[in-house]
Amino acid sequence: MTSDEPLIHASGLTKRFGDFEAVKAIDFAVQRGEAFGFLGPNGAGKTSTMRMVGCVSPATGGELRLFGLDPATEGPRIRARLGVVPQKDTLDEELTVEENIWVYGRYFGLSKPQVRARATELLEFAQLTERARSKVEPLSGGMKRRLTIARSLVNDPEVLMLDEPTTGLDPQARHVLWDRLFRLKRQGVTLVLTTHYMDEAEQLCDRLVVMDHGEIVAEGSPRDLIREHSTREVLELRFDVDDHAELAGRVDGLGDRVEVLPDRLLIYTDDGDAAGEKVHAAGLEPLSALVRRSTLEDVFLNLTGRTLVD
Amino acid sequence: MTIRTAAPAAPRPGVVSRLARVLPIPAGAGMARILVERNAMAFRHGWIAFVTGLAEPILYLFSLGVGLGALVRTVTTDGGSVVSYAEFVAPALLAAAAMNGAVFDSTFNVFFKLKYAKLYDSVLATPLGPRDVAVGEISWSLLRGAFYSGAFLLVAVVAGMVHSWWALLALPAANFISFAFSAVGMFATTFMRSWVDFDWINLAIQPLFLFSATFFPLATYPSGVQWLVQVTPLYHGVALERGLMLGEVGTGLLVHVAYLAVLGLVGLVGAARRVERLLLS
Ligand SMILES: Nc1ncnc2c1ncn2[C@@H]1O[C@H](COP(=O)(O)OP(=O)(O)OP(=O)(O)O)[C@@H](O)[C@H]1O
Ligand SMILES: [Mg+2]
């Protein structure tokens, strides 16, 4: 394969479970060195896609190539070059922290001295050196996640696949993890990740696709997506009413577009403050009015009419 | 993160891999031994269960061989020789120990790893395939079985219950029994939905233990039941061990070997295919 060919290439990639189509003929390509994300709500088909790319779930249709190889026939050779962090940690709880890395390295055909050297390095990287001899079970959620990432790096993978790397972690643990992932990216590891946190997607991804109901509804860099599918600013209004829908008619026309959520109204506009003045001029008295920049959350709302995290 | 380890050797297609392409055998990277290594590592943290598994057959040997042996002085075997009851029952207990050890490991332990620990999910994300999982787990329970049978045989020899040099072959034969039962046990385990289903395993193992010509010669069973006994797997294990340990060796023993070999291979391929279906969906 030539160097400008994408590392991962999918066209018409489809996954069916019985009659149900979880992934519907999606196309995407991941270039070497980039951080590529799948952003989507629960059930969008992110994990199903990741499992196909990870060569642990056969595609029902379409074409998929990694490193120019076909997962259907070259699974083991492809997996030898991947690191996989699954949605749920699958650490070996019968083993200690360092043994987890040793054994995992052995699965990749590394020698015993190699895995020991590698484990020392990776535990350092994952800030788990002090816990090397500890059992896995008592570790905190963040530590387990870091160990899973450390383990997935044992074979020096060209592509690291992370399925919801920070779901369920507290904000501090998330930031530690993001920091580790940045380092990897700087070292040239290609990252493929899924998330349903828009801030995570904005932080980590050079490019992403927005998935919904098994389909890709938009693609681009976070900034391009926001520019294309949302306005520069958003005015968030909360009123002292049970149902914000009844006020929707009264703010209509104050911005480019209005979204009604159960607990607030979102007015999309390039100038939030100006829109805020118009709200007052119209005689409305919101409990709170907040002007903020558009995020990927707004992109998703615009594209699907739904919020990402429910 | 500065050391770059040598790129892992890409698995080369061996004879099995080439065979697997034409037969319905699931993929593997020929790395099953690493799973055995993993089990040995985990076992170092939980060796106590191992020792208790050894005590049981030895207790049986002495309570039955010595206790019951005082009542039933001699037994005429199906091969025609007359031996003490202890000598008669020892080979059967060896076969049963091989079966029990193998079944325990390939059912309870495999089920735990499959459903709760999700061990194989992480293993299958590496170059290893479902065939490696099946071969690895079955090999491990085989090793465990070999340890049990070896210790049991040693006790039987020391206690003076073994007289033929053919008994040297009793150990490989016990491995064969372990292989057949652990393969079938693992295959069966892949169909289990919860721990409740394990009652089915007990329901199968108990009658096998009691009625495989274990405690009485086949000739003492009603003739209508004899053929039924001869169809079941432990009977072949018992008959094989008894032939070897009592020195009643003939080509007939090869029938038992063939039976156990076929059973083991069917279980092995079945287990690998089920792991593939369950985890690589
Ligand atoms: N093995 C399976 N059998 C049947 N249906 C499945 C299977 N795996 C996933 N699905 C269905 O496919 C759809 C997509 O699931 P998937 O796990 O890919 O979504 P996801 O985007 O990862 O969601 P989440 O954010 O909840 O992890 C869901 O409706 C799910 O119920
Ligand atoms: Mg998922």
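Along each chain, residue indices are assigned from 1 in the same order as the chain's sequence is written. Written order decides the labels, with chains lettered from A and ligands numbered from 1. Per-residue local features of the predicted model are confined to residues with pLDDT of at least 70, and side-chain atom pairs are confined, for both listing and counting, to 80 or more; whole-chain, interface and lining totals are unaffected and use all residues. The side-chain figures draw on all heavy atoms in the structure; neither hydrogens nor water molecules are used.

J.: Please clarify how the overall build of chain A should be interpreted in this entry.
T.: Scanning chain A from terminus to terminus reveals 11 helices and 13 strands. Dimensions along the principal axes, computed over C-alpha positions, put chain A at roughly 75 × 45 × 35 Å. A simple rule labels every residue: compare its accessible area, found with a 1.4 Å probe on the protein chains alone, to the largest value its type can have, and call it buried under 20%, exposed over 50%, or partly exposed in between. When each of the 310 residues of chain A is scored for burial, the buried share is 55%. Of the roughly 13,400 Å² that chain A leaves accessible, carbon and sulfur atoms contribute 47%. Two residue types count as positive, namely Lys and Arg, and two as negative, namely Asp and Glu; His and chain ends fall outside the count. To locate a charge, take atom NZ for lysine, CZ for arginine, CG for aspartate or CD for glutamate. One finds the centroid of the 39 positive side-chain charges in chain A at a distance of 8 Å from the centroid of its 52 negative side-chain charges. Here a helix means four or more residues in a row that DSSP labels H or I, a strand means two or more in a row labelled E, and each is numbered from the N terminus. Method for areas: the Shrake-Rupley scheme with a 1.4 Å probe, in which residue coverage is limited to the protein chains shown.

J.: What is the right way to look at the nonpolar core in this model?
T.: In summary, soluble globular proteins display a tendency toward joint burial of nonpolar side chains. Residue and element names in this part refer to chain A. Grouped together as the largest cluster of nonpolar side chains are 79 residues, with contacts concentrated most on Tyr107, Leu147, Leu160 and Leu181. The greatest single-element share of this core, amounting to 6 residues, is contributed by helix H3 (residues 97–107). It only takes one pair of heavy atoms within 4.5 Å for two residues to be counted as in contact. Leu160 has contacts with Gly83, Val84, Val85, Ser152, Leu153, Leu181, Leu184, Val189, Thr190, Leu191 and Val192, leaving out every residue within four places of it along the chain. Take the buried residues of types Ala, Val, Leu, Ile, Met, Phe, Trp, Tyr and Cys, join any two whose side-chain atoms come within 4.5 Å, and each joined set is a nonpolar core.

J.: Can you help me understand the packing of helix H5 (residues 141–152) of chain A against helix H6 (residues 171–186) of chain A in this one?
T.: When two helices pack together, you describe them by how their axes are tilted relative to each other and by the distance separating the axes. Residue and element names in this part refer to chain A. Across the interface, H5 lies against H6 with an axial gap of 10 Å and an inter-helix angle of 15°. It follows from the interaxial angle that H5 and H6 lie roughly parallel. Crossing of H5 against H6: the hand is right-handed. Across the interface between the two elements, Gly142, Arg145, Arg146 and Ile149 from H5 touch Ala173, Val176, Leu177 and Leu181 from H6. Ten residues, namely Ala, Val, Leu, Ile, Met, Phe, Trp, Tyr, Cys and Pro, are considered nonpolar, four, namely Asp, Glu, Lys and Arg, are considered charged, and the remaining ones, Gly among them, are considered polar. Broken down by class, the residue content of the contact of H5 with H6 amounts to 5 nonpolar, 1 polar and 2 charged. Inter-axis angles, ranging from 0 to 180 degrees, are taken between N-to-C directions of lines fitted to C-alpha atoms, where helices are fitted over the stretch in contact. Roughly parallel covers angles under 35 degrees, roughly antiparallel covers those over 145, roughly perpendicular covers 65 to 115, and oblique covers all other angles. By the definition used in this description, the sense in which the near helix is turned from the far one sets the handedness, with an anticlockwise turn below a right angle giving left-handed and a clockwise turn giving right-handed.

J.: I'm lost on the interface of chain B and chain A in this one. Help?
T.: By a widespread convention, an interface's size corresponds to the accessible area lost as its parts come together. At the junction of the two partners, chain B supplies 35 residues and chain A supplies 38 residues. A 1.4 Å probe defines the accessible area here, and the buried area is the portion of it lost by two parts on being joined, summed over both. Summed over both partners, the interface of chain B with chain A comes to about 3,200 Å²; 59% of that surface belongs to carbon and sulfur atoms. As a salt-bridge pair, Arg38 of chain B and Asp92 of chain A come within 2.6 Å of each other at their nearest N and O atoms. Nitrogen and oxygen atoms within 3.5 Å of one another constitute a polar contact, given that in protein one can donate a hydrogen and the other can accept it, and given that sequence-neighbouring residues count only through two side-chain atoms. Counting the contacts that link chain B with chain A gives 10 residue pairs in polar contact (both at pLDDT 80 or more). Every element with two or more residues in the side of chain B that touches chain A is listed here: helix H2 (32–43), helix H4 (85–116) and helix H5 (119–123) of chain B. In terms of residue count, the dominant contributor to the side of chain B that touches chain A is H2 of chain B (6 residues). Taken together, the residues of the side of chain B that touches chain A break down into 21 nonpolar, 7 polar and 7 charged. One speaks of a salt bridge when a side-chain nitrogen belonging to Lys or Arg is within 4 Å of a carboxyl oxygen belonging to Asp or Glu.

J.: So what exactly am I meant to see when it comes to the coordination of the magnesium ion (ligand 2) here?
T.: Angles between donor atoms at a metal ideally measure 109.5 degrees for a four-coordinate tetrahedral arrangement and either 90 or 180 degrees for a six-coordinate octahedral one. All names here are of chain A. Atoms are scored as donors when they are N, O or S and lie within 2.8 Å of the metal, with 3.2 Å used for Na, K and Ca; no water is included, so coordination may look incomplete. Taken together, Thr47 (OG1) and Gln87 (OE1) make up the full set of protein donors to the magnesium ion (ligand 2), lying 1.9 to 2.2 Å away. Here Gln87 lies in the loop between strand E5 (82–85) and H3 and Thr47 lies in helix H1 (residues 46–53), a separation of 40 residues in the sequence. Of the residues examined, Thr47 reaches a relative accessible area of 27% and is grouped as partly exposed.

J.: Just to check I follow, could you spell out the site of ligand 1 for this structure?
T.: All names here are of chain A. Surveying the vicinity of ligand 1 reveals 14 residues, the closest of which are Gly43, Lys46, Thr47, Ser48 and Gln87. Contact distances for ligand 1 include 2.8 Å between an oxygen atom and a backbone N or O atom of Gly43. Here Ala44 contributes a backbone N or O atom positioned 3.1 Å from an oxygen atom of ligand 1. When the free accessible area of ligand 1 is taken as 640 Å², the share hidden by the protein chains comes to 63%. Secondary structure elements with two or more residues in the shell around ligand 1: strand E2 (20–30) and H1. Among the residues forming the shell around ligand 1, the class breakdown is 5 nonpolar, 7 polar and 2 charged. Only heavy atoms are used to decide nearness, and a residue is near a molecule or strand if one of them lies within 4 Å of it.

J.: Looking at this structure, I do not really get the sheet that holds strand E4 (residues 61–66) of chain A. What am I missing?
T.: Sheet strands pair by backbone hydrogen bonding; their relative direction is either parallel or antiparallel. All names here are of chain A. In spatial order, the strands read E2-E1-E4; together these 3 strands make up an open sheet with antiparallel pairing. Two strands lie at the open edges of the sheet, namely E2 and E4, each paired on one side alone. Pairwise comparison of adjacent strand axes, ignoring direction, gives a mean angle of 25° for this sheet. The pairing of strand E1 (residues 8–17) with E2 spans 7 bridges and is antiparallel. Within E2, the position partnered with Ile8 by the bridge is Val30. Sitting on the sheet, H1 touches E1, E2 and E4, and the angle it makes with E2 is about 60°. A strand pair is defined by DSSP finding two or more bridges across the two strands.

J.: I tried to follow the domain arrangement of chain A on my own but got confused; where do I start?
T.: Domain assignment breaks chain A into domain 1 (8–224) and domain 2 (231–293). As used throughout, domain bounds are those supplied by an automatic or database domain assignment. If you average the C-alpha positions of domain 1 of chain A and of domain 2 of chain A, the two centres end up 39 Å apart.

J.: Is there a simple way to think about the packing of H4 of chain B against helix H6 (residues 130–158) of chain B in this case?
T.: All names here are of chain B. At a minimum axis separation of 9 Å, H4 and H6 run at an interaxial angle of 150°. The angle between H4 and H6 places the two elements in the roughly antiparallel class. With respect to the hand of their crossing, H4 and H6 are arranged in right-handed fashion. Contact residues: Ala90, Leu93, Leu94, Ala98, Gly101, Ala102, Phe104, Asp105, Ser106, Asn109, Val110 and Lys113 in H4; Glu137, Trp140, Ser141, Arg144, Tyr148, Ser149, Phe152 and Leu153 in H6.

J.: Is there a simple way to think about helix H11 (residues 252–279) of chain B in this case?
T.: Structural remark: α-helix, 3.6 residues per turn; residues separated by three or four positions point the same way. Taking 1.5 Å of rise per residue, 28 residues should cover 40 Å, and H11 of chain B covers 41 Å from first to last C-alpha, within 8% of that figure. Buried within H11 of chain B we find Leu253, His256, Leu260, Gly264, Gly267, Leu268, Gly270, Ala271, Ala272, Arg274, Val275 and Leu279 of chain B. An expected span of 1.5 Å times one less than the residue number is assigned to each helix.

J.: What should I look at first to understand the environment of Leu244 of chain B in this one?
T.: Residues and elements named next belong to chain B. You can see Leu244 is positioned in helix H10 (residues 233–245). The spacing of Leu244 and Ile138 is 106 residues in sequence and 24 Å in space, taken between C-alpha atoms. In contact with Leu244, other than residues within four places in its own chain, are Ser164, Trp166, Ala167, Leu169, Ala170, Ala173, Val249 and Leu253.

J.: Would you mind showing me how to read a negative patch on the surface here?
T.: A residue counts toward a patch only above 30% relative accessible area and without a salt bridge, and it is joined to like-charged neighbours within 9 Å or, for Val, Leu, Ile, Met, Phe, Trp and Tyr, to nonpolar neighbours within 5 Å. The grouping of Asp256, Asp270, Asp271, Asp273 and Glu277 of chain A at the surface amounts to a negative patch. If you trace the backbone, Glu277 of chain A turns up in helix H10 (residues 272–281).

J.: I keep staring at the confidence of the model for chain B and nothing clicks. Help me out?
T.: Close inspection of predicted coordinates is inappropriate for parts of the model with low pLDDT. Residues and elements named next belong to chain B. Per-residue confidence from the predictor is reported as pLDDT, a score between 0 and 100. Here chain B averages 86 in pLDDT, and 89% of its residues register 70 or above. Overall, residues 1–11 carries pLDDT values under 50, and its contacts beyond four positions in sequence, including any with other chains, amount to 25 contacts. As a predicted assembly, this complex carries a pTM of 0.87 together with an ipTM value of 0.87.

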